[in-house]
Each structure stands twice: as structure tokens, then as C-alpha cells.
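What follows is the residue order along each chain.
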Amino acid sequence: MKEIIYRITYGAFYLFSLLPYRVLYAIADFFYLLVYRVAGYRKKVVRGNLTSSFPEKSIEEIKEIEKGFYHFLCDYFVETIKLLSISPKQMRKHMSFTGLDVVQQCYDEGQDCAGILGHYCNWEYLSTTLIGMDRYPDSIIGLIYHPLYNAVFDRLFLQLREHFHGVCIPKKDVLRYLIKYKREGRKSIFGYIADQTPKWENIHLWLPFLNHDTPVFTNGEKLMRKMNNAVFYVEIQRPKRGQYIAHFKLITRTPNQLEENAITKRFFELLEQTIRRDPRYYLWSHNRWKRTHEEFDREYMVVNGKVLPRNKSNN
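Residues numbered from 1 in each chain as written. Predicted model: local features only at pLDDT ≥ 70, side-chain atom pairs only at ≥ 80, totals over all residues. Heavy atoms only, no water.

**Some remarks on the environment of D108**
Link 1 in the chain: Topologically, D108 is positioned in helix α6 (residues 100-108).
Link 2 in the chain: With 79 residues separating them in the primary sequence, D108 and K187 have C-alpha atoms 9.3 Å apart.
Link 3 in the chain: Ignoring sequence-local partners within four residues, the contact set of D108 consists of R135 and Y136. (Helix = DSSP H or I, 4+ residues; strand = E, 2+ residues; numbered from the N terminus. Contact = heavy atoms within 4.5 Å.)

So this is what it looks like as C-alpha cells:
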């Protein structure tokens, strides 16, 4: 039964993806009316995130950013489905890259790479990075992901992300694949979406980010240090509707010469700069600050590098 449901779902989404961009964006405009005006999808979360992140802005400015975000969210949905069928030739009209020459220079010198990014602009389009690799078209684009609970949509998103030969790798298996490709001599750049909210037991660092004391992941940086990767901040810009530019900006080629957590700190500084330039394209619908430092200090403690509930610390 699951196979039948998947085939029907895939077929419907594939047919949808065949529509030209102008039609897809007309549909996205209709979705905007439903999602924002009618349903008010996560509107309370979005408004709360915006007002607390930009206390200096008026309510009118906040509402303009909010409307822009919902317009983009609907665009993101139809643009991502388009990945099921779009050709490399078509994709080059919508996605371009800068800095990949530096990535390929690292490959020339025997160093693999890591790209660190946030939920800004259409991050799914980074699965097309190989179209910009003129000298290493067969290198590995590692797409780290958390499997979805819904098996049908998890399989569908794997199809989307691997359409341009990216390799989808579950978070728990990243190190194994990094070592595997290294042993095989295959050049790789793994993409780490690093602005997600860690679970309580994975909080080892808090940083100032968008006017909040924010818990952040540090495991990505640990892997970059372990593999001695050249680390790039990937900033995506949207000059106009339907066009994106991904800038690969080198942070360091010597991660182990930096202080602990320096890469993570630099990433959040750069991401905040990106967001402040144009806040519309950040994922404001995620309840990013649901865990507070005060609650962490009250309920948890760190013992020998491990986060433990305080009521179990003496057991």
C-alpha cells in the first residue's frame, strides 16, 4: 500500500513540476492568500520571532517583512517541487554560484570541504551545486538531512535532493560517509545546515543571535576539525524572483588552528548579517527560541561534558 501511495504522490508532484515557472508562481500567489490571509499558518510564531529579533522596527515594518516571508515560503514550496523534473540547462538560468573556484582549488591540493549555511533563501537549490563544478563534475555533494517521519514524503524529498546527483546522508551516518569518501579518494563538500535547534541534551554552547541567547549545535564544527576540512560559509541571495546566487565564502582552511567553537561563532555572525540585509528570506515559521538559557540552567547541568537533568545528577 505504501508503494502505491508513493507512486501516486510522486506522479502528482512530478506533473506539477512540469509547469513553467510563471505558472508555478501564479499558484504560489494563490497559496499565499490561503496560507497567510485565510489560514494564518504559524502566524503567531512568525510575528513573535520577528518582533523579538527586531525590537527596533515598527509594527508596520514587521508586517511588511512578515508578508514578504509568507510570499517567499509559498515560492519555496513550488520551486522545490520543480527540482523533480528541471534540467541542468534550465537550472543554470535560475541558480548560479561564486567561490566554487576556491572549493576546486582545495580539491586540487587534496583537501575536502564543508559548507555551513542556514535556512535562508531556497537552501534546497544547493543540491544543484555540481552544475557549477566545471573541473570536478563527479565530486560528492553531501546533503546532510534528518529523515522525515512520513515515509512517503521522506522518499519524495530524497528524489528532489538527488535529482542533480547530490548524496543524501542521514545525520547519524555523516562521519562514516566522510571517512568512506576520504579512503576512496573522492573529493567532497558536505553541507551543514547549522541553525537548527538542538535538543536539551545536545546543548553545549549558547550564542547571541538575532537579539536572542540562542542554543546552537557544535557537532558540525567537530566533524570539520576531525576531517581537516576547508570551511565555507554559503550565503544565498535572491536578486529577483526565480533567481538565486550561492556565494561560497572561505572561513578557514586550517580549522584546527582556530579556538574551539570559533567556526560556529563566525557562522552565526555571518548568518545574522545576511538575515539583517533582507529578513524576508529566513525561516521565521520555526519556533527557534523555544528553549531558554534560564530553563536550561534550572533543569540541566553539565557533568564531564555531558548534559544531564538535575534531578538525575546524583543517581
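**Concerning the packing of aromatic side chains**
Link 1 in the chain: Applying the stated criterion across every chain yields a total of 28 aromatic pairs.
Link 2 in the chain: Centre to centre, the rings of F296 and Y300 are 5.9 Å apart; their planes meet at 15°, and the pair counts as stacked.
Link 3 in the chain: Classification of F296 by relative accessible area gives buried; the value is 7%.
Link 4 in the chain: By relative accessible area, Y300 is classed as buried at 18%. (Phe/Tyr/Trp six-rings, centres within 6.5 Å; stacked < 30°, edge-to-face > 60°. Buried < 20%, exposed > 50% of the residue type's maximum accessible area, 1.4 Å probe, protein only.)

**A short note on the pattern of salt bridges**
Link 1 in the chain: Counted according to the given criterion, the structure contains 23 salt bridges.
Link 2 in the chain: For E272, the salt bridge is made with R276, and the minimal N-O distance between the two is 2.9 Å. Of this pair, E272 and R276 both sit in helix α10 (residues 262-277), four residues apart, roughly one helical turn.
Link 3 in the chain: One salt-bridge network, held together by shared partners, links D29, D75, E79, R238 and R241. (Salt bridge = Lys/Arg side-chain N within 4 Å of Asp/Glu carboxyl O.)

**Description of empty space enclosed by the protein**
Link 1 in the chain: For the structure on display, the rule yields three cavities of 30 Å³ or more.
Link 2 in the chain: Empty space within the largest cavity amounts to approximately 50 Å³.
Link 3 in the chain: Surrounding the largest cavity, L117, G118, Y120, Y233, V234, E235, I236 and L271 form its lining.
Link 4 in the chain: With four residues, strand β8 (residues 230-240) is the largest single contributor of residues to the lining of the largest cavity. (1 Å grid on protein atoms, 1.4 Å probe; cavity = no way out; pocket = protein on both sides within 12 Å on 5 of 7 lines; lining within 4 Å. Points joined across faces, edges and corners; volume = space filled by probe spheres on them.)

**What to know about helix α8 (residues 174-184)**
Link 1 in the chain: Every buried residue of α8 is listed here: V174, L178 and Y181. Viewed along the axis of α8, the buried residues span an arc of 75°, placing them on a single side of the element.
Link 2 in the chain: In this fold, the buried residues of α8 make contact with β3 (140-145), β4 (167-170), β5 (188-193) and α9 (219-226).
Link 3 in the chain: The positive-phi residue at the C-terminal boundary of α8 is G185, with phi of around 75°. (Arc of directions from axis to C-beta.)

**Details of the sheet that holds β8**
Link 1 in the chain: If you walk across this open sheet you meet the seven strands as β1-β9-β8-β2-β5-β3-β4, and the pairing is mixed. With partners counted over all chains shown, the strands left at the sheet margins are β1 (95-98) and β4, one partner each. Across this sheet, the average inter-strand angle for adjacent strands is 30°, counted without regard to direction.
Link 2 in the chain: When β1 meets strand β9 (residues 243-252), the two strands line up parallel, connected through four bridges. In the strand pairing of β9, S96 is matched with I245.
Link 3 in the chain: Across the sheet, α10 lies against β2 (113-117), β8 and β9, angled at about 5° from β8, the strand it touches most. (Pairing = 2+ DSSP bridges. Axes fitted to C-alpha atoms, helices over the stretch in contact; angles between N-to-C directions.)

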